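What the coordinates show
Here is how the chains run, residue by residue.
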Amino acid sequence: MKSLRQSLHKQDLLGLGIMVILFVVFYFLFDEEILDDYWETNVILILINIIMAVSLNLINGLTGQFSIGHAGFMAVGAYTSAIITVKLGMDFPIALIVATVSAAFLGFLIGMPTLRLNGDYLAIATLGLGEIIRIAILNIDYVGGASGFMGIPRLTTFPIAFWIMVFVVYFIKNFKNSADGRACLAIRENEIAAETMGINTTKYKVMAFTIGAGFAGTAGALFSHYYYIAHPASFTFMRSFDVLTMVVLGGLGSISGSISGAVLLTAISAALADYPEWRMVIYSIVLIVLMLNRPQGIFGNKELSLKMFQSIKLGGGSRGGTAQSE
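None of these values were measured; they are calculated from a predicted model. (Residues numbered from 1 in each chain as written. Predicted model: local features only at pLDDT ≥ 70, side-chain atom pairs only at ≥ 80, totals over all residues. Heavy atoms only, no water.)

1. Some remarks on the pattern of salt bridges
Quick note on the threshold: When a carboxyl oxygen of Asp or Glu is within 4 Å of a side-chain nitrogen of Lys or Arg, the pair counts as a salt bridge. Labels follow the DSSP assignment, with helices taken as runs of H or I lasting at least four residues and strands as runs of E lasting at least two, numbered in each case from the N terminus. Type-normalised accessible area, obtained with a 1.4 Å probe on protein chains alone, sets the label of each residue: buried when under 20%, exposed when over 50%, and partly exposed for intermediate values.
In total, this model carries three salt bridges according to the counting rule given. Notably, a salt bridge pairs Glu 131 with Arg 134, separated by 2.9 Å at the nearest N-O pair. Residue Glu 131 and its partner Arg 134 are both found in helix α5 (residues 119-138); the two are separated by three residues, about one turn of the helix. Among the residues examined, Glu 131 registers a relative accessible area of 24% and is labelled partly exposed. The salt bridge involving Glu 189 is made with Arg 188; its shortest N-O contact spans 2.8 Å. By relative accessible area, Glu 189 is classed as exposed at 57%. For Arg 188, a relative accessible area of 26% corresponds to the partly exposed category.

Here's what the structure looks like:
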């Protein structure tokens, strides 16, 4: 157990070191205008999508629930934070906290009755609830109604989005490795067996759903305060489906997979922006090819680690040794 903790601690320090290097490199590229505003916008969108994908993976991948209404919680965060900064004139950090707590609280209220369902029934319920949230916002004049909430200040910057993303990833990683996370994994593998072993399955499903919804609210706050507007059209079912695609493509249950899925799909979409007539065709073909060749996702349920590279290196060495001995 002690060696496992030391290994995880080393991986955390290495990961944090890599994050610092990436931050410095991208900050320099943006500050010196080597990368223009278009790519800065797409990098920030990647960071927001990583938060969305990792938080949905906590529900779908780690706990094994099938939620497709994640955009609804993103909308709650986007609009709540906009009210805090525009209507009430409070600071952005307060708006981020309130947006996260509001989305988490709504996730808790919704999770209590719906998470007693399973499979397709849960998917239909979460889809309906996501649309209820969007339609409700659509009819509230206080937040702009069908025209959207305009005049939101651009308070989301690259450093803020980057370090919030790092915090969310590490929070969910530590949750996954905790006793609560192990209970969620047990529910995913066999809910009946988990109940037999004394695990309160409803408690842990609601806990995962609440945390995931809260971080979706955080992503929504970053989104609305970067694009100046919160519009109901930004939080439709297709938004939830895009995030679900990132999770499935990367690998259900893998945080590394969710990150890679978010980066890959957002980058592909950005790279094809100059070809609008072929954009969705090429995007779809890439997805089909990837899923045919890797149906379990890029990482499956594994995580990127030093051991993965060591095993690849050792495997190559052993093959070479065998060839020489022959």
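2. Section: the nonpolar core
We count it as follows: Residues belong to one nonpolar core when they are buried, are Ala, Val, Leu, Ile, Met, Phe, Trp, Tyr or Cys, and are joined through side-chain atoms within 4.5 Å. Residue contacts follow a heavy-atom distance rule, with two residues in contact if any of their heavy atoms lie within 4.5 Å.
Judged by nonpolar contacts, the single largest core of 83 residues is most densely connected at Ile 51, Phe 158, Phe 162, Met 165 and Phe 235. Examining the composition of this core, we find that 14 residues originate from one element, helix α2 (residues 37-62), more than from any other. If we ignore the near neighbours within four places in the chain, the residues touching Phe 158 are Phe 23, Phe 26, Tyr 27, Phe 30, Glu 40, Val 43, Ile 44 and Leu 47.

3. A look at the packing of aromatic side chains
How we decide: A pair of aromatic rings is counted whenever rings of Phe, Tyr or Trp (Trp by its six-membered ring) have centres within 6.5 Å, and the orientation is called stacked for planes under 30 degrees apart, edge-to-face for over 60 and tilted otherwise.
All told, the structure shown has 19 aromatic pairs when counted by the stated rule. Where Phe 171 meets Phe 215, the ring centres are 5.3 Å apart and the plane angle is 75 degrees; that geometry is what we call edge-to-face. Of this pair, Phe 171 sits in helix α6 (residues 158-176) while Phe 215 sits in helix α9 (residues 201-227), placing them 44 residues apart in sequence. We classify Phe 171 as partly exposed; its relative accessible area is 35%. For Phe 215, a relative accessible area of 8% corresponds to the buried category.

4. Quick notes on the environment of Ile 84
Mapped onto the elements, Ile 84 comes out in helix α3 (residues 70-87). For the pair Ile 84 and Ile 259, spaced 175 residues apart in the sequence, the C-alpha separation amounts to 30 Å. If near-sequence neighbours (up to four positions away) are discounted, Ile 84 is found in contact with Gly 89, Met 90, Asp 91, Ile 94, Ala 95 and Val 98.

5. Looking at a negative patch on the surface
Selection criterion: Residues enter a patch when their relative accessible area is above 30% and they make no salt bridge; the linking distance is 9 Å between like charges and 5 Å between nonpolar side chains (Val, Leu, Ile, Met, Phe, Trp, Tyr). For every accessible area listed, the method is Shrake-Rupley and the probe measures 1.4 Å; residues are considered covered only by the protein chains on display. For the purpose of charge, His is not counted, nor are the chain termini; Lys and Arg are scored as positive and Asp and Glu as negative. Just so you know, the charge point we use is NZ for Lys, CZ for Arg, CG for Asp and CD for Glu.
A surface patch of like charges, here negative, comprises Asp 31, Glu 32, Glu 33, Asp 36 and Asp 37. Relative to the elements of secondary structure, Glu 32 occurs in the loop between α1 (2-31) and α2.

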